[in-house]
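The chain contents come next:
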Amino acid sequence: MWRYLFRRITLFMATSLLMIAVLFMASGQFPVSKTYSLSGIQYPTIEQKQQIEQDYQLNDNQLLQFTAYLRQRLSGNLGISSNSQQEVSEELASVLPASFELSLFSGFIAVFFGVPIGILAALSNNKALQHSILAVTLTGYSIPVFWLGLTLSMWFGVNLGWLPISGQINLLYEIEPVTGFMLIDTLLSDSAYRIPAFHDALLHLILPAVTLAVLPFTLVVRITRQAILNVMNKTYIRAAEARGLHTAKILLRHALPNALIPVLKSIGLMLGSFASYGIVVEVIFSWPGVGSWLVSGIYQRDYTVIQAGILSVSLLIIFLSILIDLLHTAINPMSRKELYASN
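Basis of the calculations
Residues numbered from 1 in each chain as written. Predicted model: local features only at pLDDT ≥ 70, side-chain atom pairs only at ≥ 80, totals over all residues. Heavy atoms only, no water. UniProt positions renumbered as here; feature names shortened; annotations may be inferred. Helix = DSSP H or I, 4+ residues; strand = E, 2+ residues; numbered from the N terminus. Contact = heavy atoms within 4.5 Å. Domains from an automatic or database assignment. Salt bridge = Lys/Arg side-chain N within 4 Å of Asp/Glu carboxyl O. Nonpolar A, V, L, I, M, F, W, Y, C, P; charged D, E, K, R; others polar. Expected span 1.5 Å × (residues − 1). Bend = angle between axes of the 7 residues up to and from the residue. Buried < 20%, exposed > 50% of the residue type's maximum accessible area, 1.4 Å probe, protein only. Arc of directions from axis to C-beta. Polar contact = N/O pair within 3.5 Å; in protein donor to acceptor, adjacent residues only side chain to side chain.

An unreviewed UniProt entry lists the protein under the name ABC transporter permease, from Shewanella psychromarinicola. Quoted verbatim from the Subcellular location (unreviewed entry) heading of the UniProt record, the comment on the protein is "Cell membrane".

Enquirer: Residue-level account of the environment of G289, with values.
Expert: Here G289 shows up in the loop between helix 12 (271–284) and helix 13 (290–299). On a C-alpha basis, the gap between G289 and P177 in space is 14 Å, while along the polypeptide they are 112 residues apart. Not counting residues within four places of it along the chain, the set of residues in contact with G289 comprises V95, A98, S99 and E282.

Enquirer: Got a sec to walk through the domain arrangement of the protein? Specific residues and values, please.
Expert: Assigned domains within the protein: domain 1 (1–75) and domain 2 (94–342). Just the C-alpha atoms count here: the centres of domain 1 and domain 2 sit 33 Å apart. Facing the 23 residues of domain 1 at the interface are 16 residues of domain 2. Linking domain 1 with domain 2 are 0 salt bridges. Listed by contribution, the elements that provide at least two residues to the side of domain 1 that touches domain 2 are helix 1 (2–27), helix 2 (34–39) and helix 4 (62–74). If one sorts the elements of the side of domain 1 that touches domain 2 by residue count, helix 1 sits on top with 12 residues. Each residue belonging to the side of domain 1 that touches domain 2 can be placed in one class, and the counts come to 14 nonpolar, 6 polar and 3 charged.

Enquirer: Can you break down unusual backbone geometry residue by residue, with the values?
Expert: Backbone geometry places Q57, a non-glycine residue, at a positive phi of 50°. Within the secondary structure, Q57 is located in the loop between helix 3 (46–56) and helix 4. At Q85, a residue that is not glycine, the phi angle is positive and equals roughly 60°. Positionally, Q85 belongs in the loop between helix 4 and helix 5 (88–123).

Enquirer: Go over helix 7 (residues 145–159), please, and point to the residues and values.
Expert: Along its 15 residues, helix 7 runs 20 Å from first to last C-alpha, staying within 8% of the 21 Å computed at 1.5 Å per residue. Of all bends in helix 7, the biggest is about 25°, found at S153. When helix 7 is considered as a whole, its buried residues turn out to be V145, L148, G149, T151, L152, S153 and G157. As for helix 7, its buried residues are in contact with helix 9 (194–231) and helix 12. Among the residues trailing helix 7, G161 stands out with phi positive, at a value near 70°.

Enquirer: Just give me the short version of helix 6 (residues 127–142), but keep the residues and values in it.
Expert: Spanning 16 residues, helix 6 covers 22 Å between terminal C-alpha atoms, matching the ideal 22 Å at 1.5 Å per step. The complete set of buried residues in helix 6 reads Q130, I133, T137 and G140. In an axial view of helix 6, the angular spread of the buried residues amounts to 100°, which keeps them on one side of the axis. Exposed residues on helix 6 whose side chains face more than 90 degrees from its buried face are K127, A128, H131 and S142. Where helix 6 is buried, its residues touch helix 5 and helix 9. The residue sitting at the N-terminus of helix 6 and contributing the capping side-chain oxygen is N126; that oxygen lies 3.0 Å from the backbone nitrogen of A128.

Here's what the structure looks like:
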């Protein structure tokens, strides 16, 4: 097991190093001076220019320059935003929690509704219901996320006026950031209006979260359905049925835990698509997360923000993919058997 864990840590380090190398090569291709693309300081003084050249070893060969670039980025020095003139690391830390909040809420929606509907599609004897569920999931999987987001905004935000269509909370509420998660910060606030603020923040979260949850929801439904069908045909399930156990008891104790294993694996496989969809959703709903921050940096040609945004999203996807792979191996008996057999 330790050897397997060591291999996964090595994989994370190797892929992270490769990602940083790609960003380093891209930084030299930007149509600006290298001191500007690395530091974000457009008109540095003589002292600042000398310091940048020293920090990034710009007068040395490419290998030493990459080593210096790697050292600066891993130490948290991401440069200065040319637009706001603030530290990029501080801006990144301020927008990450909003993206995490949106992603976690969307993932919860996808799993909370997707697993029961997948079980229903697998166990129902009503062919019309099965075909209807599969048709809905196929339609949801095929709908472009930008069209879905705009349509939901038009229906529920503009026409019906039920839900807000932009931002994270009404500007009338002044909530001091504590955790960065708006739903939590509203409850932790000392304001007398913290409950209405929480309700308002929840309403702001619904439309972007539902839009982002559609893709993982459809995949969870289909994978859960197929997994339940496979598990229900196993010998131990038929033996439990022969002993007279109730179907609900068999499902909850035996079938469902084993059926959720491929669902966990599928979540790891769709992290890349989920992240790219999240960027689009944040732009559509003006959600103050990493995605909208990165797109704004691209429009404004803020090169340090571009590098930091791509690096943070890439490293998070790599880390979470490996973490889910570790969890899948720890939970899945077959994977553990193969692991110990290989050792």
